[in-house]
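Descriptive analysis of the structure
If you want the building blocks of each chain, they are given just below.
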Amino acid sequence: GTLQSLTQLTGIPMRDELTGGSQQDRVDISTAELDALWNDPPYTLTGANELFPGNDVMTTGEEEVETEAEVEGEGIIGESYWKRKEAFNRASTVSLAVGERFSSDVILLFSGKRRSSVEPDSELQEALRTRLRVVESNSQDVIQLFKDLSARLVSVHAEKDHFIITFKTVEEIWKFSTYLALGYVARCLENFLCDQSFWLDPVLLSDVEICVTVDEEHLATLYLGLLLQEGSFFAKALLNSEYAEEEEELTYKKNDLVMVKDIGQEDTWEGTLLSTGQHGLVPVHGMQPLPYPFYQWFLRMYPGNAGGISSEKDLFDQPMVTGTCVALVDHYPMVKDELHFSQGDLIEVDGLLVGSLNMFIGKHLSSGHIGFVHKAHVRPENVKPLSRQLVFLSEEERVALSQFNPCHEQCHTGLLDKLFSTDISTMYRLDRLDDSDFTYIRNQPKQEHKNSVDVRKSTISEKSETPPYHSSPRPSFHASQSHLEREHEAFSFSLEDTFREMDEYEEDPPNWMDESVWETEEAELVDPILTFLNLDHFQDTFQPLYDISYSFLDTVFGGVPEDEVLLHLESLREGAKKSRMLWAHRRACFLLGRLCAKKLKYSQARVYFEEALKVHVDGFDDRPLLIALYTNLTAVYLKQKMTDKLPYTLEKASALILCLPSHNFCSLDEFELLKPILRKAVVDNDKHLEARTCYLILTLFLQHRKTEEALPFVERLQFLTITLSAEEGRPIGPVDLNWILCRLYHKKYLPYLALASLSLDSGQDHSLEDAFQKIELFIKNSVRLNPRWRDGTTLLPAQVVVYLQQALSIASRGEDLKTQRDLCLCLASVYQQYGALEKAVPFAQQAVLTGSHINKEESFEASVLLAWLLVLTGKPETAQSTLQPLLKSLNETDSPTQRGVVYNLLALCLRKQFRVTEAAKNFHCALKISQENGNKHNEALALANLGCLALSIGAPYLAENFLLRSLHLFQFLSESPSDEEHVQALLWLGRSYKDRGGSQEVRLCYEMGLLIAISAKNLHSQMVVAKVLSRLYADLLLYGQCIIYYEHCVGLSRELKDKRLEGEYLEILSSLYLSLNTEKSSRKSLDYTKQSLRISIDLGKRQEESETWLQVGRIYYLIHEDELADMYLQAAVKTALRMNDPHFAMSIYEEAGDVFFKGHRNRLAALPFFRDGSLPFARSIKDVHSEFRLLSKLSELLLKEDQYEEALQYATLAVECSTNTGVRLNERVAYHRLASIYFCLEQYEMAENYYLKALSLSPMVLETPAEVHYYVKVYCRLADLTLHKLKDAFDAMGYFHLALAASLEDRGNPQALYIIYMKLAEIHAHHLPDAELSQHYMDSAQSLKRELAGETDSSDPEPENMDHANPECADAKSISYSNADSGSVDSSNGGSTLIASTTTDTSQTITAHRVADHSEAALAECSHKEDTDTSNSGKTDSEPARLEDEETRCLNQRNHTDANSVSTKF
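A brief structural summary.

Contact geometry for helix α32 (residues 817-833) and helix α34 (residues 856-872): axes closest at 11 Å, N-to-C directions at 20 degrees. The angle between α32 and α34 falls in the class roughly parallel. The element α32 and its partner α34 pack so that their crossing is left-handed. Along the contact surface, α32 presents Lys818, Arg821, Leu825, Ala828 and Gln832, while α34 presents Glu858, Glu861, Ala862, Leu865, Trp868, Leu869 and Leu872. Considering only residue class, the contact of α32 with α34 consists of seven nonpolar, one polar and four charged.

Set out below in structure tokens:
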């Protein structure tokens, strides 16, 4: 069998569409509408248990969704449910109850879905994870959220999309599962995780939802274990008990409720039968613990007898029906209240026929008599169930409950003023020069400065189609005050006033008390009260006799003391008996019983009630009296446990209270009658009976203002509505109680639940006043979550637009145009505050249209707001066309301030159209008007705007004049909230000084602006000024002050909870500290970089995260902590590899190795990154350019570490790879490096061969000296190599001739030419004797030397000459020098041709040709970013120099020197 009852625990019906076809593992609840939204180890929240006081006794709450299987029919329960039943016998702890390896932690999964798609939305899910990482940085907020949900948060796992929660009591599981079933958990997460921008997008709002999932098996197991831990609990007997063999065994029947207790025995529990109170032992296998926490709570909270009401078999198969029945028998009643009928008579059901009761109220269609009818005596004839939308309520009850409104005070006018407190029609707006200025300044006056005369009045029109608000001519105390304004006041509403409102012009009932009556001896004969009480039918004036507030004491008896009323009623009773005034007798006895019960004298009350019931009258002629008699008498029987008398009244009282709609309670004692009815519903598993009983209970409690007691039953009824809808396979929704639950949660100070229930309210019958109350409730509970909303230091939550739009939708159905206009203006204002200007414009346009239907004054404010929004959205032409008609109409009226506002906005429009002259004229008009009116604030703004205009056209002196005058006025406006305008004017003044080079004045202006912003506690202003100051000090190279202000920006970002801004400023601070280049500053930089890293992780920005890991590794390397550096670099690589961007991962891999490769120590640590990581990765993604770069770096690294053989392998691979890149420069570099390695390996023939190969790949046209240098140096190297290593003077002479030809082309390097002359002279003097040529070259060298001596001291080139004492060193230096200059070739220059001599080994014509900058740069850089794109040129020219330095070092190590070259000068 399936785990039916465990499914009921989580509150989810076992339906495939809700559980995804699985009824065993998890349940997906998706009732919320969403909004929009790491891999670190999950943190453990400490202190969570301290927030939850220990509580082993459940107090309030509601049960979860249930679809209990009919196990009674089978007599046994499915084995899957009882597969752990042996756990109940082991101990009373959770660990033993559910097994030693059982975890008490529950996983709560969340997921974001789109209603428009069945596929998972990974982007949406990642947004939710990011948002969770951001908000969980303040763990107390997350803990508080789950505390409101009655769960204990253990940890958060954002990357795994779940929370881990736990429970310590049954009460916690009960409440949490209730909220889970009602959709509050998902909706709370939605409100918690969604960004403010989500609520501003109606399309996204309607498409996205958050679903939550729990393991119902696990939760149910934990619940059962906690039941045992708490000791006793309630169970239902599955079978009739067998014959008791021992006295200790308890005798019971199937479905009996038993309170059981674990006594430590394997197969036996101790049980107490609730129906009789008998004790005994019961077998474990015969008991089924009630799996519903609500039932456990109810039976424990309200103990009592579970027997008394038994159901008989009948022919009715519907839970509740109406219609007619046919009598099956002749019935002659023994009491008058029962209906007399004969077989075959038609009987109409009066009210409802409840299937679980044995009686109903019927009306004989022939005689018209009304009375009690036994269901067993009739059969259905023409019956029908309640409407598909009712199920367990009548239409009257549904309407009354849907219109339930605890707030009786119209307070929405002030509410709109709070939301839309703007001075757009009276105050000028400030311009904006560029992006460094304030985005826009909201000139909203503070509430305390607002004149009540100027407050807009907006009322609901009497002609509105929305239900009007009626007030009683005698308002009660609770009706005269709004409970929302009094946080600690009792819940101020009365169901009596709501369900049965009095007519506005109804007269007060007459006061029947005549004071002279008290002095008359025969008062009972002449007392008008007696006559009044003896009327034989119900009158409206009788209602005070039966109402719950005992109002008859005032209306009938004039407010005299109760003791005197008792005496008078006793005399009336005696007089009625003597005069046989039956109705007066009955009513007097009833009133006596009521007053006795009120004084808790239940025995006397019972006597009076019984006497009243025995009076022979047709009780249904005064139905309220009959109902009150039976219900109150039965309640007394139950209180006094008089079970012998219950059968006479319990059935009838139950029928009267359940079957007749719109029951009016007259006493709280009637709850005693409802308790056994609810117990019967529990036993019979009758959801319809349970729902109707819960409805009556919550009505009773709310009438008595017992909100704490009512809350569990309201939650239960809302849950049953969901359950019955699921069982019916269709939405039934007789009423949505979220509207009431929102108020109850508000009273209990549970803001998360209040907001969740408010957002789930789907009632269609709300009035405009209800809509405004929803807005007020939303704001009050939002303020509880963020107190800064109360003091106005931050914007209202964006979610308010949802409720404003609901109010506008309701108002649009009526004729109250002023309210519609106000709501449109309010919506436009909220959208404007959040920067959603495109969404604000349509509402402003609608406000203009609505206001035009009222009068011109009403449309002016909306028109000005619309124009301002159009200016902000970059549509100055449209704004101008809106303002010009306003200006024309204002010229005909006496409204100078409004004209000034229009002139100012027109000037803004014209400036944005670059019509400076016209803009200046309009600003001047606005300025004159403000001066004439004495409005200093507007005058200051107009002057500031003129200063901005002057700055925009490059007139700083004129701007300074205007701005100084503006600032002079601003300093006297302390009573106005003008801090942002004041600060902006100071920023513009500082800019005017900056344009003129006055650095000290600039600093003074900016720092004054910051001080003003700080004194005003305006975080936004502080952020703008601090950012400007930081940039100023950075430009002045005052990095200490720059750091101070950036640190202030970080603090402001944290106060604003803007993680993105905080991360940006932390990165800047890290760079600034690192640039100071001290160990202390480096460690400070490290700290800020780590903080930035944490934010990058929180925001889910993988690329930034990887780069930050890399930066932390670099800093650790700089402070000589190589092991930590390696760890962070590995983390950077891992993060990059998780991204779906192989090229980015490749760059991070390579940069991680470069940290060691380009460092000055431990360079071999780069090998694992290059050889083991990035090189295979580059090959896997077929990135030949990166592969070539890495092979080149590996070759150089190994070469410098004297690992020549391994370097040769990578150099050879680099040569092969270079041909695949398609870039000749790469081949040239690869051959040059390979030649250098062969040189170090003393394989000189191979070195000569590859040097010549590199030269063959060189450009044929020389354009710059750098190219010539390269040729000179390489040919000199080849000449030295062949002369001294290969001992081939003839080839050496040829190489020197080629070097000489190239050097003659380079007029900028005479030293190289001198060396070549001396080398050739030496060769012809010693190796190839030719005295003439030797002398010729010597003379040329001496002549060049004399020329050099004339320009500079002959000792200047000495250091370089010393380098050429060794020919190999000279070659190395020559190549280094050539390459260092080779990156600056201008590709646009023409080329020149140089022809040199030809040798036997080399018959080449050297032709210099064009070489692009990027080619030389790539040759030099070859370690990074190899590409054919010329934009990557100019990186560095140091690599060939490094190669040649390596060759030089190799030669120096071997001491290969030539005595003939020692004297050669460079």
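Right, let's talk about the nonpolar core for a bit. Within the largest apolar cluster, 175 residues are counted, with the highest numbers of intra-cluster contacts made by Phe146, Phe163, Phe167 and Phe713. Other than its neighbours up to four places away in sequence, Phe163 contacts Val106, Ile107, Leu108, Phe110, Leu132, Val142, Phe146, Leu153, Ser155, Val156 and Leu189. In this structure, Tyr831, Val841, Ala847 and Val864 belong to the second largest nonpolar core, which totals 137 residues.

This next bit is on unusual backbone geometry. Here the phi dihedral of Lys641 falls at roughly 55 degrees; this positive angle occurs in a residue that is not glycine. Overall, the relative accessible area of 71% leaves Lys641 in the exposed class. The phi dihedral of Leu1037 is positive, around 60 degrees, even though this residue is not glycine. You can see Leu1037 is positioned in the loop between α42 (1019-1035) and α43 (1039-1056).

With 14 residues, helix α24 (residues 646-659) extends 19 Å from end C-alpha to end C-alpha; this agrees with the ideal 20 Å at 1.5 Å per step. For α24, the tally of buried residues reaches 12 of 14 residues, placing the bulk of the element in the interior.

Attention shifts here to the packing of helix α36 (residues 896-912) against helix α37 (residues 916-933). Following both chains from N to C, one finds α36 and α37 inclined at 160 degrees, their axes separated by 8 Å at the closest point. Considering the angle they form, α36 stands roughly antiparallel to α37. Like other packed secondary-structure pairs, α36 and α37 cross with a definite hand, here left-handed. Judged by residue contacts, Pro896, Thr897, Arg899, Gly900, Tyr903, Asn904, Leu906, Ala907, Leu908, Leu910 and Arg911 of α36 engage Glu918, Ala919, Asn922, Phe923, Cys925, Ala926, Ile929 and Asn933 from α37. Here the residues of the contact of α36 with α37 sort into 11 nonpolar, five polar and three charged.

Attention now moves to the sheet that holds strand β9 (residues 279-283). Pairing is antiparallel across the open sheet formed by five strands, whose spatial order is β9-β8-β7-β6-β10. Every interior strand has two partners, whereas the edge strands, β9 and β10 (287-289), have only one. Across this sheet, the average inter-strand angle for adjacent strands is 45 degrees, counted without regard to direction.

Another point: the environment of Ser829. Here Ser829 shows up in helix α32. Residues Ser829 and Val841 lie 12 residues apart in sequence; the distance between their C-alpha atoms is 9.7 Å.

Strand residues, when the strand is regular, have side chains that alternate between the two faces of the sheet. Here strand β12 (residues 346-349) shows a clear split, with Ile347 and Val349 buried on one side and none of Leu346 and Glu348 buried on the other. As paired elements, strand β11 (residues 320-327) and β12 share three bridges and run antiparallel to each other. Within β12, the residue paired with Cys325 across the bridge is Ile347.

Evaluated as defined, the whole model comprises 57 salt bridges. The residue Lys1319 makes a salt bridge to Asp1280 at a minimum N-O spacing of 3.4 Å. Here Lys1319 is found in helix α56 (residues 1310-1327), whereas its partner Asp1280 is found in helix α54 (residues 1265-1285), with 39 residues between them in sequence. For Lys1319, a relative accessible area of 2% puts it in the buried group.

Reading the values: the criteria
- Residues numbered from 1 in each chain as written.
- Predicted model: local features only at pLDDT ≥ 70, side-chain atom pairs only at ≥ 80, totals over all residues.
- Heavy atoms only, no water.
- Axes fitted to C-alpha atoms, helices over the stretch in contact; angles between N-to-C directions.
- Helix = DSSP H or I, 4+ residues; strand = E, 2+ residues; numbered from the N terminus.
- Parallel < 35°, antiparallel > 145°, perpendicular 65-115°, else oblique.
- Left-handed = near helix turned anticlockwise from the far one by under 90°.
- Contact = heavy atoms within 4.5 Å.
- Nonpolar A, V, L, I, M, F, W, Y, C, P; charged D, E, K, R; others polar.
- Core = buried A, V, L, I, M, F, W, Y, C linked by side-chain atoms within 4.5 Å.
- Buried < 20%, exposed > 50% of the residue type's maximum accessible area, 1.4 Å probe, protein only.
- Expected span 1.5 Å × (residues − 1).
- Pairing = 2+ DSSP bridges.
- Salt bridge = Lys/Arg side-chain N within 4 Å of Asp/Glu carboxyl O.

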